[in-house]
Amino acid sequence: MIRAAKPCDYQAIEEVWLLASLQAHDFIPAAFWWQQQAALRARYLPNAEIWVCEREQAVQGFAALVDDYLVALFVRPDCQQQGIGRALLDFAKHLRGQLSVRMYCENDIAINFYLKQDFMVIKEGTDIASGQPELYLRFSAAHVAPPISICQHTKR
């Protein structure tokens, strides 16, 4: 079930973020992620619109939005490959209709995930906090072709 996050979810959200960050970004020292927890608490949790995917009364993933910027989309490593990330992303797309996201160039799994979800790379840059090269991607529902049924206009 996807629902709005509550303050009582923040500890679970932080745990999901840390575990998934350590797994997905093994090219960055683990100490960096431990240090970034303060920024997560101070900047993102109170200022973002956060949606969680809860199963069996446990937060298994979350998406955080600030306007049309997808600040975060993380799923617990032991819950990945179960459709949670896709469900959260589809939910965010439905809420906004257009989204932007940044990710590290070395995070091939995430880049491929977003490209398969109709995001397009719009530019490259460097993350100030880590010094790592990153990509900026954008999704717009207006640029996604609707599904076509080749049988819908068949004459009899």
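Residues numbered from 1 in each chain as written. Predicted model: local features only at pLDDT ≥ 70, side-chain atom pairs only at ≥ 80, totals over all residues. Heavy atoms only, no water.

Quick notes on the overall build of the protein
Broken down by element type, the protein carries four helices and seven strands. Going from the N terminus to the C terminus, the protein shows its helices and strands as β-α-α-β-β-β-α-β-α-β-β. When its C-alpha atoms are laid out on the principal axes, the protein stretches across 65 × 40 × 30 Å. Out of the 156 residues in the protein, the part that is buried amounts to 40%. Taking all contacts inside the protein whose residues are at least 6 apart in sequence as the whole, residues at least 24 apart take part in 57%. With 15 positive and 17 negative side-chain charges, the protein shows a separation of 9 Å between the mean positions of the two kinds. (Helix = DSSP H or I, 4+ residues; strand = E, 2+ residues; numbered from the N terminus. Buried < 20%, exposed > 50% of the residue type's maximum accessible area, 1.4 Å probe, protein only. Contact = heavy atoms within 4.5 Å. Lys, Arg positive; Asp, Glu negative; His and termini not counted. Charge placed at Lys NZ, Arg CZ, Asp CG, Glu CD.)

Some remarks on the confidence of the model for the protein
Detailed reading of the predicted coordinates is not advisable wherever pLDDT is low. Counting all residues, the mean pLDDT for the protein is 88, and 91% of those residues have values of 70 or more. For residues 148–156, every residue scores under 50 in pLDDT, and the model assigns this stretch zero contacts once sequence neighbours within four places are set aside. (pLDDT = per-residue confidence, 0-100.)

Observations concerning the packing of aromatic side chains
Taken as a whole, this structure holds nine aromatic pairs when the rule is applied. The ring of Phe 139 has Lys 93 lying over it, and the distance from NZ or CZ to the ring centre is 4.5 Å. The ring of Tyr 136 has Lys 123 sitting right over it, with the charged end atom 4.8 Å from the ring centre. (Phe/Tyr/Trp six-rings, centres within 6.5 Å; stacked < 30°, edge-to-face > 60°. Lys NZ or Arg CZ within 6 Å of the ring centre and 35° of its normal.)

Observations regarding the side chain of Asp 9
By the secondary structure assignment, Asp 9 is in the loop between strand E1 (2–4) and helix H1 (10–24). Not counting chain neighbours up to four residues away, the residues in contact with Asp 9 comprise Arg 3, Ala 4, Val 52 and Val 59.

What to know about helix H4 (residues 108–116)
Among all positions in H4, only Ala 110, Ile 111 and Tyr 114 are buried. The buried residues of H4 occupy one face: seen down the axis, they fall within an arc of 100°. For H4, the exposed residues set more than 90 degrees away from the buried face come down to Ile 109 and Lys 116. Packed against the buried residues of H4 are strand E4 (69–75), helix H3 (84–96), strand E5 (98–104) and strand E7 (133–140). Following H4 by one or two positions, Asp 118 has its phi on the positive side, about 70°. (Arc of directions from axis to C-beta.)

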